[in-house]
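Listed below, chain by chain, are the residues.
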Amino acid sequence: MQRLLTQSATDVHKEVNSHVQQLSVQTREQVVALDRALTEELTKSIQTLGEHLTALSRRFVADYTPLTERLRVLLDLAPAE
């Protein structure tokens, strides 16, 4: 009877270890997949942000270049002290 209980406990222990190892492998694979997906999305977000900042900078230059040119003309017209 004791041998049967010992064998049953050993079998259960081996089965639990097997399941834990499987879960560990699956978790590792999921973490790698998540890391890959997050990296891709972060890269896309940074690229999009860069594109928007570039467009904003171009718009800023387009809006303020005429103003700076007019200010230069005004400064050229002002009497020198």
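Rules used throughout
Residues numbered from 1 in each chain as written. Predicted model: local features only at pLDDT ≥ 70, side-chain atom pairs only at ≥ 80, totals over all residues. Heavy atoms only, no water. Phe/Tyr/Trp six-rings, centres within 6.5 Å; stacked < 30°, edge-to-face > 60°. Helix = DSSP H or I, 4+ residues; strand = E, 2+ residues; numbered from the N terminus. Buried < 20%, exposed > 50% of the residue type's maximum accessible area, 1.4 Å probe, protein only. Salt bridge = Lys/Arg side-chain N within 4 Å of Asp/Glu carboxyl O.

### Focus: the packing of aromatic side chains
Reasoning step 1: The full count for this structure, using the stated rule, is 1 aromatic pair.
Reasoning step 2: Considering the side-chain rings of Phe60 and Tyr64, the 4.6 Å spacing of their centres and the 40° angle between planes classify their relative orientation as tilted. Of this pair, Phe60 and Tyr64 both sit in helix H1 (residues 2–77), 4 residues apart, which is roughly one turn of the helix.
Reasoning step 3: Note on Tyr64: relative accessible area 41%, which makes it partly exposed.

### So, the pattern of salt bridges
Reasoning step 1: Taken as a whole and assessed by the stated rule, the structure comprises 2 salt bridges.
Reasoning step 2: Measuring nitrogen to oxygen at the nearest pair gives 3.6 Å for the salt bridge that ties Lys44 to Glu41. Here Lys44 pairs with Glu41, and both are found in helix H1, just 3 residues apart, close to one helical turn.
Reasoning step 3: For Lys44, a relative accessible area of 46% puts it in the partly exposed group.
Reasoning step 4: Linking Arg59 and Asp63 is a salt bridge whose minimum nitrogen-to-oxygen distance equals 3.3 Å. Residue Arg59 and its partner Asp63 are located together in helix H1, separated by 4 residues, close to a single helical turn.
Reasoning step 5: On the basis of relative accessible area, Arg59 is assigned to the exposed category, the value being 54%.

Read these as layout, nothing more, since geometry by itself doesn't imply function.
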